[in-house]
Amino acid sequence: MTTDIASMSLAQVAKAIARGKISSAEATQSCIKGLDTLGRTLNALAAMDPDQAMKAARKADRERAQGKKRGPLHGVPLAHKDMYYRRGRLSECGSIIRKGFVPSVTATVLERLDAAGALDIARLNMVEFAMGATGHNPHTGTPKNPWNPEYIPGGSSSGPGVAVAARLVYGTLGSDTGGSIRMPSAFCGLVGIKGTYGLVSRYGAMPLSFSNDHVGPMTRTVEDCALMLQVIAGQDPKDATSAAQKVPNYRADLEKGVRGKTIAVAHGWFRDNMAPEVAKLLDAAAEVYRKMGARIVPVEVPSLDHLNDAAQIITGSEAASFHVKWLDERPQDYSSQVRTRLQQGVLYPAVRYLDALRLRERAVSWFVGQMIGRADAMLVPALSIPLPTIRETDATGDPRSIELMLRLARNTRPFNYLGLPALSVPCGFTGNGLPAGFQLVGRPFSEALLFRIGRAYERETGTTDKAPPNCHRAA
Amino acid sequence: MTTEDSACAAGWLAAYVGTALPTDQLNAAVQATRRVSQGIGQRADALAMEDEPAGFRLGLERLALERRGAKR
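Just so it is clear, the model here is predicted, and its values are computed rather than measured. (Residues numbered from 1 in each chain as written. Chains lettered and ligands numbered in written order. Predicted model: local features only at pLDDT ≥ 70, side-chain atom pairs only at ≥ 80, totals over all residues. Heavy atoms only, no water.)

Novice: Is there a simple way to think about the overall build of chain B in this case?
Specialist: Assigned secondary structure in chain B consists of 4 helices and 0 strands. In chain B, which comprises 72 residues, the share counted as buried stands at 32%. Surface summary for chain B: the accessible area is close to 4,500 Å², and the carbon and sulfur share equals 54%. (Helix = DSSP H or I, 4+ residues; strand = E, 2+ residues; numbered from the N terminus. Buried < 20%, exposed > 50% of the residue type's maximum accessible area, 1.4 Å probe, protein only. Areas by Shrake-Rupley, 256 points an atom, 1.4 Å probe, with all protein chains shown as cover.)

Novice: Help me understand the sheet that holds strand E3 (residues 119-124) of chain A in this model?
Specialist: Hydrogen bonds between backbone atoms are what pair the strands of a sheet, whose relative direction is either parallel or antiparallel. All names here are of chain A. Ordered by their spatial adjacency, 3 strands build an open sheet running E1-E3-E2, and the pairing between neighbours is mixed. Each having just a single partner strand, strand E1 (45-48) and strand E2 (77-81) make up the two edges of the open sheet. If you compare each strand with its neighbour and ignore which way they point, the axes differ by 40 degrees on average. When E2 meets E3, the two strands line up parallel, connected through 4 bridges. (Pairing = 2+ DSSP bridges. Axes fitted to C-alpha atoms, helices over the stretch in contact; angles between N-to-C directions.)

Novice: Whenever I open this one, the interface of chain A and chain B confuses me. Can you help?
Specialist: You'll often see interface size given as the accessible area lost when the parts meet. Listed per partner, the contact involves 57 residues of chain A and 46 residues of chain B. Three residues, Leu347(A), Arg358(A) and Arg374(A), lead the burial of chain A against chain B; their summed loss comes to 17% of the area buried on that side. Along the contact surface separating chain A from chain B lie 3 salt bridges. Between Asp51(B) and Arg362(A) there is a salt bridge; the shortest N-O distance is 2.4 Å. The tally of links from chain A across to chain B stands at 10 residue pairs in polar contact (both at pLDDT 80 or more). When contributions to the side of chain A that touches chain B are tallied by element, the ones reaching two or more residues are strand E7 (262-268), strand E8 (295-301), helix H10 (305-329), helix H11 (336-345), helix H12 (350-358), helix H13 (360-372) and helix H15 (414-418) of chain A. The dominant element in the side of chain A that touches chain B, judged by the number of residues it contributes, is H13(A), at 10 residues. (Contact = heavy atoms within 4.5 Å. Buried area = accessible area lost by both parts, 1.4 Å probe. Salt bridge = Lys/Arg side-chain N within 4 Å of Asp/Glu carboxyl O. Polar contact = N/O pair within 3.5 Å; in protein donor to acceptor, adjacent residues only side chain to side chain.)

Novice: Help me out: how do you make sense of helix H4 (residues 55-65) of chain B in this one?
Specialist: Because the α-helix completes a turn every 3.6 residues, residues three or four places apart line up on one side. Residues and elements named next belong to chain B. Listed as buried for H4 are Phe56, Gly59, Leu60, Leu63 and Ala64. End-on view of H4: buried residues confined to an arc of 135 degrees, all on one side of the axis. In H4, those exposed residues whose orientation departs by more than 90 degrees from the buried face are Leu58 and Leu65. (Arc of directions from axis to C-beta.)

Novice: When you look at the environment of Gly268(A) in this model, what are you seeing that I'm missing?
Specialist: Residue and element names in this part refer to chain A. The topology assignment puts Gly268 in strand E7. For the pair Gly268 and Pro298, spaced 30 residues apart in sequence, the C-alpha separation works out to 9.5 Å. If near-sequence neighbours (up to four positions away) are discounted, Gly268 is found in contact with Glu300 and Val301.

Novice: What is the right way to read the sheet that holds E8(A) from this model?
Specialist: Residues and elements named next belong to chain A. Across the sheet, which stays open at both edges, the 8 strands sit in the order E4-E6-E5-E10-E11-E9-E7-E8 with mixed pairing between neighbours. For this open sheet the edge positions go to strand E4 (171-176) and E8, each flanked by a neighbour on one side alone. Direction aside, neighbouring strands of the sheet carry axes that sit 30 degrees apart on average. Both E7 and strand E9 (residues 377-381) contribute to a ladder of 3 bridges, which runs parallel. In the sheet register, Ala264 faces E9, and the bridge partner there is Met378.

Novice: It is not clear to me how helix H6 (residues 158-165) of chain A should be interpreted in this structure. Could you clarify?
Specialist: Residues and elements named next belong to chain A. For H6, the buried fraction is high: 8 of the 8 residues fall into the buried class. The complete set of buried residues in H6 reads Ser158, Gly159, Pro160, Gly161, Val162, Ala163, Val164 and Ala165. As for H6, its buried residues are in contact with E2, E3, E4, helix H7 (182-188) and strand E6 (214-219). Immediately beyond the C-terminal end of H6, within one or two residues, lies Arg167, with a positive phi of roughly 65 degrees.

Novice: Quick question: what am I supposed to make of the nonpolar core here?
Specialist: Nonpolar side chains tend toward joint burial in soluble globular proteins. Residues and elements named next belong to chain A. Core analysis: the biggest nonpolar cluster contains 113 residues, and Leu73, Tyr170, Tyr289, Phe438 and Phe451 have the highest contact counts within it. Excluding its chain neighbours within four sequence positions, the residues that come into contact with Phe438 are Leu282, Ala285, Tyr289, Leu379, Val380, Ala382, Leu423, Ser424, Val425, Cys427 and Tyr457. Membership of the second largest hydrophobic core comes to 40 residues, among which are Tyr197, Trp269, Leu357 and Phe367. (Core = buried A, V, L, I, M, F, W, Y, C linked by side-chain atoms within 4.5 Å.)

Novice: I would appreciate a short explanation of the side chain of Thr196(A) in the present structure.
Specialist: Its place among the elements puts Thr196(A) in the loop between strand E5 (191-194) and E6. Using a relative accessible area of 2% as the deciding quantity, one classes Thr196(A) as buried. Separated by 2.7 Å, the side chain of Thr196(A) and the backbone nitrogen of Phe445(A) make a polar contact. Among all residues touching Thr196(A), those that are not within four sequence positions of it are His214(A), Gly419(A), Leu420(A), Pro421(A), Pro444(A), Phe445(A), Ser446(A), Glu447(A) and Leu60(B).

Quick look at the structure:
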């Protein structure tokens, strides 16, 4: 085990606290220091109350000393995207509109993390109302990728991606309506999962699109991701879309490898206009799986443009429904890019919105039956091109920015519409030195299998062992 | 006038949102919305009348039970 507290994984720090090797106060102090320095430099931090955080940490230490362990994350400092409501605490959603908003409820996912003993020590920066793939935020400042601060971290869970990658906290909650967990995870070299629609409660999370929103963890390792999902997954009577599925033990089979498993490798539409260096990384990942004993089956995927279109209609219409009052009353308080997208959402005919929802069951049956088929999972690129810079994707600057932005979520958004689980796993670096990642997509509620397959790759390649040059060191 | 044309009329947008977009933005927004809506409209021709939004969540649960039962 490493001696630097900041470099530990979530699972390692949880174990070290539980065994009394380190205290929650030491771990929390390290995170506070990192967030207060590098967290501000990289624009990852929205707000933090160090005194409150240390008070909670010392309480956790006292409880442990008395033999009381709340749960698997006892005393572990976490911080989340600034859109998870906690009663009595600000939740500003990266916006001006919600500046000063104090919710009266607490998100179910936060309650579950609290019950597991985790500390919630800060609110993390995000894209305005979670509407953007790059991470840009003209109101709160654009977070910077810790692998190279000139590059985007991805959005909309931008601050969470930066904070976990830069070793400022051990894990975080992101949200994913079109790829907002998986993109910043892939772009910052992290593991992130968007579970099956209905697996994780969205109660108390800022809504963007009721039908496409997913809540999930972003972490440094596959085990950490499984550990966090274990805590937050499961039916919630407060969320009408919550599924009545039994939650399995996500870590039980984590080390069992992939021998005898079948992995479908997505070609066709997913390889259109793909940069050769990204294709090379994906091919190499498939080869790693083959060498570990998995059966590799290339699958020619036809155009999924219609799935992205359907997702766009649904998200656009539902987001407009949520925002239309503010659009009427305070249009000047939105950034121009977000306002334009929201106004566009007002234009979709209700008939087509309903068509997009009605087509959904057939689409997921087709994809699972015909594309994943008998395979255990499908290997899909997270992004088809090397990561662009902040300047290249500034909507007010470079004219190529719109095209670039459309490409960013192209490979992730279909799985929001389909509601299928998708795990983002780092798979090396492109020529610009920035991380690349792939998605493992599975059948509904097959998250445990995705973790097992993702872990096998991680163990074999060590891709999650590397830390970015701009990262916090406690020692 | 088609469904998309009527819904995407610029005047309707301005009246509904209560604010005027710059012309270039409005055109791009209308054009993109119309293209996407028409595409889904064409796909919807394949739907049975009985297909309804709630079928999606039932479908996820059914597919979870059918583990590895489908043929490519």
